[in-house]
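# Residue-level structure breakdown
As a plain string of letters, each chain reads:
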Amino acid sequence: MLLRLPTSVSEARQCLSEGAIPVGGATLQWAVWQRDGFPRQAMSLREVPEANVLGAGELGAAVLLHRVDERVPEVLHQAASRVGTGAVRRTATVGGNIVGSTLRCLLPAALVLDARATALDPEGTFETDLTELTAKRPLLLSLRWRAPLASGYRKLPETGEPPLVIAAAVTPEADDRPVLRVAVRDGYDVLSESVPYGPEPGLVLDALAATPLGALPMPAREAVRDQVTDVLGRTSA
Ligand SMILES: Cc1cc2nc3c(=O)[nH]c(=O)nc-3n(C[C@H](O)[C@H](O)[C@H](O)COP(=O)(O)OP(=O)(O)OC[C@H]3O[C@@H](n4cnc5c(N)ncnc54)[C@H](O)[C@@H]3O)c2cc1C
């Protein structure tokens, strides 16, 4: 197998059009290749600058999970810091987690930030949302979002395997009316809802309870309530 290391988006596009298979840290892919056979060529984005951005409003697909720190919103930082073991986080990438894994601990965090994805196909780069990204699984280059007013993340190992994950964020919107977004990974499904943010936490929680999140089992509902109360308490809109 030839591992190609493009140094620009146009080189990466060339690799894709020549059939190179994307690979991040190979924490999942290696076992698949050992089972099914290795491809003729694979491609890592680790030398592509656009896939290595890390800042207040952007995160590259080639960034290793252990490098995701307080430069990104708390919800994303916490999500990355709770994936697997230290060894996994030192090897696995953002792209491999969000697009290529089944657990996708980073996905609820990205959903509540209302992140947009920049992806690449043989025709060139394009913007897409997370629903399309996870459904069609193109090559992810990076994620972008608007800075939230507050955000938070909880993973509850005591809830079983896979553990319940709750992400919440209050984000500013174009019309200046902030929105509370909550995403819950229950089993392997991710449920995501949003309600208008207001200064009265009780009203916001009531609005949230009227969404499909209100139909979660009681322990999950209580954990969502605690997490949302915490985030609302730290929001100054
Ligand atoms: C012991 C262990 C514990 C784990 N625990 C957790 C956990 O708690 N939570 C969790 O979420 N995950 C967990 N994982 C999964 C882990 O997060 C994934 O292994 C990892 O995210 C995959 O990343 P990778 O960079 O190694 O991807 P790879 O193994 O390189 O690739 C996986 C798939 O993603 C595709 N891919 C890679 N990069 C891109 C890209 N930029 N765009 C599109 N597709 C791409 C590849 O083609 C492949 O199909 C665990 C894994 C292990 C081994």
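Residues numbered from 1 in each chain as written. Predicted model: local features only at pLDDT ≥ 70, side-chain atom pairs only at ≥ 80, totals over all residues. Heavy atoms only, no water.

Close contacts around the ligand come from 28 residues, with Pro-22, Gly-24, Thr-27, Thr-93 and Cys-105 the closest. Here an oxygen atom of the ligand sits 2.8 Å away from a polar atom, N or O, in the main chain of Ala-26. One of the backbone nitrogen or oxygen atoms of Arg-104 is found 3.3 Å away from an oxygen atom of the ligand. When atoms are counted within 2 Å of each cavity's grid points, the one that captures over half of the ligand is the largest pocket. Listed by contribution, the elements that provide at least two residues to the shell around the ligand are helix H5 (94-98) and strand E8 (139-144). (Near = heavy atom within 4 Å. Polar contact = N/O pair within 3.5 Å; in protein donor to acceptor, adjacent residues only side chain to side chain. 1 Å grid on protein atoms, 1.4 Å probe; cavity = no way out; pocket = protein on both sides within 12 Å on 5 of 7 lines; lining within 4 Å. Sits in = over half its atoms within 2 Å of the grid points. Helix = DSSP H or I, 4+ residues; strand = E, 2+ residues; numbered from the N terminus.)

Looking at the assigned domains, one finds that the protein contains domain 1 (2-31 + 45-144) and domain 2 (150-235). Just the C-alpha atoms count here: the centres of domain 1 and domain 2 sit 24 Å apart. With 19 residues of domain 1 at the contact, the number on the domain 2 side is 18 residues. Around 1500 Å² of area is buried between domain 1 and domain 2 when both sides are counted, 65% of it from carbon and sulfur atoms. For domain 1, the biggest contributors to the area lost against domain 2 are Leu-103, Pro-108 and Val-112; these three give 36% of the whole. Inspection of the region where domain 1 meets domain 2 yields two salt bridges. Put simply, Glu-74 and Arg-234 hold a salt bridge, and the shortest N to O gap is 3.6 Å. Per-element accounting of the side of domain 1 that touches domain 2 gives the leading share, five residues, to helix H6 (residues 106-112). For the side of domain 1 that touches domain 2, the residue count by class is 12 nonpolar, three polar and four charged. (Domains from an automatic or database assignment. Contact = heavy atoms within 4.5 Å. Buried area = accessible area lost by both parts, 1.4 Å probe. Salt bridge = Lys/Arg side-chain N within 4 Å of Asp/Glu carboxyl O. Nonpolar A, V, L, I, M, F, W, Y, C, P; charged D, E, K, R; others polar.)

As for its position among the elements, Thr-171 is in strand E10 (residues 164-171). Only 2.7 Å separates the side chain of Thr-171 from the side chain of Arg-181, close enough to count as a polar contact. In this structure Thr-171 touches Val-112, Leu-113, Pro-148, Pro-178, Val-179 and Arg-181, once residues within four positions along its chain are discounted.

In this chain, Glu-161 is followed by Pro-162 through a cis amide linkage whose omega measures 0°. With respect to the helices and strands, the residue Pro-162 is situated in the loop between strand E9 (150-156) and E10. The backbone of Asp-114 sits at a positive phi, close to 55°, despite the residue not being glycine. Its location among the elements puts Asp-114 in the loop between H6 and strand E6 (116-121). Using a relative accessible area of 40% as the deciding quantity, one classes Asp-114 as partly exposed. Unlike most non-glycine residues, Arg-137 shows phi in positive territory, near 50°. (Buried < 20%, exposed > 50% of the residue type's maximum accessible area, 1.4 Å probe, protein only.)

We now examine the pairing of E9. Of all seven residues that make up E9, five are buried, and the element is covered over most of its length. Pairing analysis gives seven bridges linking E9 to E10, with the strands arranged antiparallel. Each bridged residue has a counterpart across the sheet, and for Leu-156 the counterpart in E10 is Leu-164. (Pairing = 2+ DSSP bridges.)

Moving on: helix H8 (residues 201-209). Residues of H8 that are buried: Val-204, Leu-205 and Leu-208. One face of H8 carries all of its buried residues, which in axial projection span an arc of 100°. Every exposed residue of H8 that faces more than 90 degrees away from the buried side is listed here: Leu-203 and Asp-206. Buried residues in H8 make contact with strand E11 (179-186), strand E12 (189-196) and helix H9 (218-233). (Arc of directions from axis to C-beta.)

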